[in-house]
Structures are given as structure tokens and as C-alpha cells.
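Read off the chains here:
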Amino acid sequence: MTFWRQAVEIARVDLVVERRAGETFRIVLPFSIVALMVFPLALDLQLGIVSTVGIGVFWALGILFGMQVALRQSASDTPERRDLHVLSGVDPAARFTGRALSGGVLMTAYLGLMLVAMAVLFDPELPGGGWPVLLVSTVLVAVGLTELGTLAGEVTTGLRSRTPLASLIVAPLALPLVIGASQSVEAVERDTSILPWILLLIASDLALAVAGVALAKPLEEATQ
Amino acid sequence: METIVQLSDTRVTLGGQIVLDGLDLTLRAGESVGVAGPNGSGKTTLVRTVATLQTIAAGHASVLGLDVGEHNLTAVRRQIALIGHQPSLIPELTLAENLDHRARLAGLGRDRVQNALEVVGLGDASDRRAEACSFGMKRRVEIAHVLLIKPRLLLLDEAASGLDESARELVAAMLGSVRARGGGAIMVSHDRAHLSAHCESLFDLRSGRLEAAP
């Protein structure tokens, strides 16, 4: 079986499991939207302030709850299933790629819905080109956050405190994504170039993809 | 006769503790070897070592002619089937989907999946989700997986525990088919009577070494 067929098969099954378990859209998303709603209430519904902080709150909550989406595969990963993959001859890099593919689809959809919820609840004021830039940033953050979560899941395989430890790895390493995303929208508001920030996001995504593929086999061997 | 597994003076450590120490084991084509021992004696570690899932600290280990220290073990690993303590099915998938997923990962077609489920007595339950199935049904799916991939080396770690009589007969039939194809099997269990019924050679695992059972 080729690399891509293995990756697609792993992604396909992961999406089927998610459709039936509904962890992202029936559990994480409703909680995230409730958290979004708390902010306008906490700000005493002062529409001027609510409108100003909307995008910042979106990124903060999106990253925070998005980590749960990014780490959901590693949380359900069992040693027996990993053994099955090894003995089936699944390329560790294909497994990383497959998980990143399915996770990327889920994360993009999740952050997309969060973005809609934020737009409705906060009604942020953005200049003309702001929304397309926010949309592009959201997709790039979704890809990067998924890769980071998948990589953190692999790094912490077999460790007792796997889930909290993986979150601790993801949070600081997600900073370039947060900075790139927030500054790209800021750049539109300041009418300066968005290119450096979009390039930062693309470079982060590419670096994480290369790291994930390159480290997949050594990480698998390290757990044996 | 071709050697399927050869362990010579093999040492395996886990968390700094020596689990297998100077262990020797030879499995030839057509044979099945049984290893008995109490809980914590290292039976599972032995199985994982032979399955190339556990690195060795010292000594030599070769499986199906390839040193386990080799960089690329993919071809050898595809000829190994391991049935461990816990069935590794994905709970949200049906039994047929689980087996289909395994077949796809192994690069096999889907056409024999339903037939394999019928052979193990799960033809009518193929659309049932794994999370709603009993331990014995999940174990039967793993037996169906072995029938699909036709391994040359079968490793059974307490595989017959908790199974009813008909499922135990399936395990015996699976063992027979692997041996008939020129493969070999290693069974580990604390159930000595079960091992004696299916294995030509029986060993006790004590202090990390194998001793011929009386």
C-alpha cells in the first residue's frame, strides 16, 4: 500500500469515527460557543468594547479549545492500535499525514464555525479586506494547530500524563500561529502589508509538516 | 527446516529493569512453541520482542531471517500477526468496518472481509459496532484478521483467555492453518493445559530465561 493510500485510509477512518462520536461538533464546539458568549456578558454588553475585543477573544478561545480538537486522536490512541499499525506496515509518516489531514479538516470546520459565532456575538468592525484575511489566517492556523497537536501526541506517546503534557507542548509552540494570525488582521486595520504575517503562518505550517514527517519514524522507534 | 525465530542470549530491559535475560529460543517452520509463566514473568515482553515491537538491549534476535536491529522491518512485520491481551478494535466502527480497515492497511482487497467474518461465526453481526460487542466477538474479529493476512508467524498472548469452546476451536484451527502453510506460532499463557494441547515444545519463563517445562 502506498504512502498516500495509507494516509488517506487513516484520515477516512478518523473522520468516520468523529462523525459517529461527535467529539468536536457535539462537545467541544458548544462549549467554545458558550465561552464566547461569556465575554459580552462579562463586559456588561458595552457594544463598543465587545466589538473591539471580538477577534482577540476568537483567537484565544479558538486556540484553547482547538487544542482539544488537535489532541483528540492521541487521546484515543491505544498501544494495541499502534502495534496494529506497525505490524500492518503503516509508514509512521503516513500515519502522521493521515491524522493531520483528518484533523485539519475538522479543525478548519471547527474554527470556521467559531468565526461565524464570533461574528454574530461580537459584530467586530473590520475594514474592507479584513474578512478575507481573517478567513485565510483561520485556515492557516487550523492547519498549523492540527500538525502541532498531532506531533505533540506522537512525542508524548506512552507517557503517563500524556494529555496534559501534550497541551503544555502545544500552547507555547502555537505562539507563532497566534502572532501571525492576529497581526495579519491588525496589518489590514493599520493599512500595512499583511505579507510578513501570512508568510509567518505558512512557514510555521510547513516547518511543522516537515518536523512531523521527519520525526515520525524516530518517535515510533523511541516508544519501542 | 527453516528457522522462523531465533533469539540468542537476548536481554530486554523495561524502565531500567531486566525483564528477559540471556534468553534463547528457536522456532522452526511448522512448529508451535508454548511459554508458560506467572503474571509479571515477562511473557508479553517476549511476545513483543519477537513481534519486533520491543528493542533488545543485548544479544541477538532474528525473525523470518531478518535481524530485528535492521532499519527496515516492514516486509517482515507484514508477515507477523499478534493477538494480545486486549482486542484492538476501533469502538465506533462496525465489526466489518474494523476488518475492512485492517485489510486496507495491509494492502488487501475488501472482497474477503465478509467471508472471513462468516468463517469466525460473525456473519450476522458484521454491522454491529465494536463498542456494542462482547470480548469474545472482538477476539473473533482478530482471528478473522489472521485468516485474511495469512501470516507466517503467529503470536498469541493469552489469546484463548475468556473465550468459549467454539472460539477456542477457532484459535486451534487458526494455529493449524499457520503451521500447515509452513509458518510458526508462539503462544504464551498462564494456562499450561491449553499450551500443552497445542504446542510441541513447552517452556517456563523464570527470571527472564526459558527452561524446558517438565
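Refer to the structure above for everything that follows.
For every chain, the first residue of its written sequence is number 1, and the numbers climb from 1 along that sequence. Just so you know, chain letters begin at A and ligand numbers begin at 1, following the order they were written in. Side-chain atom pairs in this predicted model are given and counted only at pLDDT of 80 or more, local residue features only at pLDDT of at least 70, and totals for whole chains, interfaces and linings cover all residues.

A. The arrangement of the interface of chain B and chain A in detail. Once C-beta atoms have been placed from the backbone, residue pairs whose C-beta atoms lie within 7 Å are recorded as contacts. Chain B puts 21 residues into the contact, and the matching count from chain A is 19 residues. The element that contributes the greatest number of residues to the side of chain B that touches chain A is helix α3 (residues 95-105) of chain B, accounting for four residues. In terms of residue class, the side of chain B that touches chain A is made up of eight nonpolar, eight polar and five charged. The numbering of helices and of strands both runs from the N terminus, where a helix is a DSSP run of H or I of at least 4 residues and a strand a run of E of at least 2. Three classes are used: nonpolar for Ala, Val, Leu, Ile, Met, Phe, Trp, Tyr, Cys and Pro, charged for Asp, Glu, Lys and Arg, and polar for all others, with Gly counted as polar.

B. Spatial organisation of the packing of helix α2 (residues 23-42) of chain A against helix α6 (residues 92-122) of chain A. Residue and element names in this part refer to chain A. Fitting a line to C-alpha atoms yields each axis, with helices limited to the stretch in contact; the angle taken between N-to-C directions then spans 0 to 180 degrees. Orientation of α2 relative to α6, taken along the N-to-C sense of each, is 30°, at an axis distance of 10 Å. Between α2 and α6, the angle is such that the two are roughly parallel. Regarding α2 and α6, the two cross each other, and that crossing is right-handed. Note on element contacts: α6 touches α2 through Leu106, Tyr110, Leu113, Met114, Ala117, Met118, Leu121 and Phe122, opposite Thr24, Val28, Leu29, Ser32, Ile33, Leu36, Met37 and Pro40. When its residues are assigned to classes, the contact of α2 with α6 shows 14 nonpolar, two polar and no charged. In what follows, roughly perpendicular refers to angles from 65 to 115 degrees, roughly parallel to angles under 35, roughly antiparallel to angles over 145, and oblique to any angle outside these ranges. Left-handed is the label given to a crossing in which the near helix is rotated counterclockwise from the far helix by less than a right angle, and right-handed is the label when the rotation is clockwise.

C. Representation of the pairing of strand β10 (residues 209-212) of chain B in the model. All names here are of chain B. Strand pairing requires that DSSP identify at least two bridges connecting the strands. Pairing between strand β9 (residues 201-206) and β10: four bridges, direction antiparallel. Its bridge partner being in β10, Phe203 is matched across the sheet by Ala212. Hairpin geometry of β9 and β10 is characterised by an intervening segment of two residues between the two adjacent antiparallel strands and by a positive phi of about 50° at Ser207.

D. Here's a closer look at the environment of Val188(A). Residue and element names in this part refer to chain A. Here Val188 lies in helix α9 (residues 175-190). For the pair formed by Val188 and Leu126, sequence separation is 62 residues and the distance between their alpha carbons is 8.4 Å. With residues up to four places along the chain from it excluded, the contact list for Val188 reads Pro127, Gly129, Gly130, Val133 and Ile194.

E. Layout of α3(B). Exposure is read from a count of other C-beta atoms within 10 Å of each residue's own; the residue is exposed at 12 or fewer, buried at 20 or more and partly exposed in between. C-beta atoms are placed from the backbone. With eleven of eleven residues buried, α3(B) is to be regarded as a mostly interior element. At its buried positions, α3(B) is contacted by α1 (3-21) of chain A together with α4 (113-119) and α5 (135-149) of chain B. Of the residues one or two after α3(B), Gly107(B) is the one with positive phi, at around 75°.

F. Representation of the sheet that holds strand β6 (residues 80-83) of chain B. All names here are of chain B. The six strands are arranged β6-β7-β8-β3-β9-β10 in an open sheet whose pairing can be described as mixed. Lying at the two open borders of the sheet, with one neighbouring strand each, are β6 and β10. Averaged over neighbouring strand pairs, the angle between their axes works out to 20° when direction is ignored. Here β6 runs beside strand β7 (residues 153-157); their pairing, made up of four bridges, is parallel. For Ile83, the partnering residue across the bridge sits in β7 and is Leu156. Most of the contacts of helix α6 (residues 165-180) go to strand β8 (residues 184-189), to which it runs at about 145°, and overall it touches β3 (32-36), β7 and β8.

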